[in-house]
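# Fold and geometry: a report
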Amino acid sequence: MIPRILLTGATGFVGPRLLARLKTGSFAAAEYLVWDYRPDEPAGSAPSNIDICSAEAVSASVADFRPTHVVHLAAQSHVPTSFAKPELTWRINVIGSLNLFEAIRQYAPEAGVLYISTSEVYGRSFQAGTPLDENALLQPQNPYAASKAAADLMAGQYAAQGVRIVRLRPFNHIGPGQREDFVASAFAAQVARIEAGQQEPVIKVGNLDAQRDFLAVGDVVAAYCLALEKISSLPAGLVLNVCSGVPQKIEHLLKGFLTRSQCPITVETDPSRLRPSDIPLAVGNAEAARHYLGWQPQVSLDRILDEILDEWRMKVVSIP
């Protein structure tokens, strides 16, 4: 049987990379349906323009396509936006996921489903100060994390009902193409603009002491592909952290970009960039992912920083 793969959230940071890798790897011969809802276009105007918050639209699309594999990436994933628009965040992340899981249960009950959760669901559990494994309590501290935790638990409930769902909890992933409102891109964009004379030689920063478990987006995509390839043999409801196990200070990222800068730059703290719920240390344990997937990160942090800054330099030059 030719695999039929449904990918939600196809226009995000990860989606296009994942789709490209699937199409050139083990699923090169598969049929694909990607949902990349664009609110400025009429919902349903194209097969891909599915509003995940519409149960009717989601059910109709799943019933028509009958996927054998599903990767659920679609989410409102920006923490500051989740504080500004909590209702939107909960509708997309929880009601959207409910619509999808219910449609799969009804119309594609044999499908293997990857639910892409987040390390943010652990929240206050990170205060233990040690790498967390998948058994850590879910103690989210912002609307994005809480909504993803709710959907994560819901995915586990559907797995208990017989839907073949595997949950992946990726930690911070960075790389070219990420929006500027995420920390690595924010630093790189400012460095590139300063080098081009488009900004005063001052970088505005938030909390530099926080430590995070950073991964290259390509390594995260590789984990997703492996999980999808192996999903028929993975236990339903399985949870896997996707992480390096190595914490890096935000300050280390900044210094990496400053070292690469072609001109001197001053650093200033911007209170608007400080999150009220920041936690000092967030690092994970990836032993389960190594065991079940044979996965581990391959891309060095130095290479990631080079790629991000090079892309922003090209972007800045290309802007009139």
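Everything quoted here is computed from the prediction, not taken from an experiment.

### Re the environment of Arg 290
One can find Arg 290 in helix 9 (residues 287–293). For Arg 290, a relative accessible area of 31% gives the class partly exposed. Linking Arg 290 and Leu 258, residues 32 residues apart in sequence, is a C-alpha distance of 34 Å. Apart from residues no more than four positions distant in its own chain, Arg 290 is found in contact with Trp 295 and Gln 296.

### As for the sheet that holds strand 11 (residues 248–249)
One open sheet holds the 3 strands; their spatial order is 11-8-13, and the pairing between them is mixed. What marks the edges here is a single partner per strand, and that holds for strand 11 and strand 13 (281–282). Inspection of the sheet shows strand 8 (residues 211–212) paired to strand 11 by 2 bridges, in the antiparallel sense. Across the sheet, residue Arg 212 finds its bridge partner in strand 11, namely Gln 248.

### Side note on the pattern of salt bridges
According to the stated counting rule, one finds 14 salt bridges in the structure shown. The partner of Arg 313 in a salt bridge is Glu 195, with the nearest N and O atoms 2.8 Å apart. You can see Arg 313 sitting in helix 10 (residues 301–318) and its partner Glu 195 sitting in helix 6 (residues 183–195), a full 118 residues away along the chain. Exposure remark for Glu 195: the relative accessible area of 21% places this residue in the partly exposed category. For Lys 204, the salt bridge identified is with Glu 268, shortest N-O distance 3.0 Å. Of the two residues, Lys 204 sits in strand 7 (residues 202–205) while Glu 268 sits in strand 12 (residues 266–269), which places them 64 residues apart along the sequence. Residue class for Lys 204 comes out partly exposed when judged on its relative accessible area of 35%. Here the salt bridges share partners, and the residues they tie into one network are Asp 152, Arg 167 and Arg 169.

### Examining the packing of helix 8 (residues 250–260) against helix 10
At a closest axis distance of 10 Å, the pairing of helix 8 and helix 10 adopts a crossing angle of 60°. In terms of their interaxial angle, helix 8 and helix 10 are classed as oblique. Between helix 8 and helix 10 lies a crossing of right-handed hand. Packed against helix 8, whose contacting residues are His 252, Leu 253, Gly 256, Phe 257 and Arg 260, the element helix 10 presents Leu 301, Asp 302, Leu 305, Asp 306, Ile 308, Leu 309 and Arg 313 at the interface.

What counts, and at which threshold
- Residues numbered from 1 in each chain as written.
- Predicted model: local features only at pLDDT ≥ 70, side-chain atom pairs only at ≥ 80, totals over all residues.
- Heavy atoms only, no water.
- Helix = DSSP H or I, 4+ residues; strand = E, 2+ residues; numbered from the N terminus.
- Buried < 20%, exposed > 50% of the residue type's maximum accessible area, 1.4 Å probe, protein only.
- Contact = heavy atoms within 4.5 Å.
- Pairing = 2+ DSSP bridges.
- Salt bridge = Lys/Arg side-chain N within 4 Å of Asp/Glu carboxyl O.
- Axes fitted to C-alpha atoms, helices over the stretch in contact; angles between N-to-C directions.
- Parallel < 35°, antiparallel > 145°, perpendicular 65-115°, else oblique.
- Left-handed = near helix turned anticlockwise from the far one by under 90°.

Interpretation note: all reported values are geometric properties and have no functional meaning in isolation.
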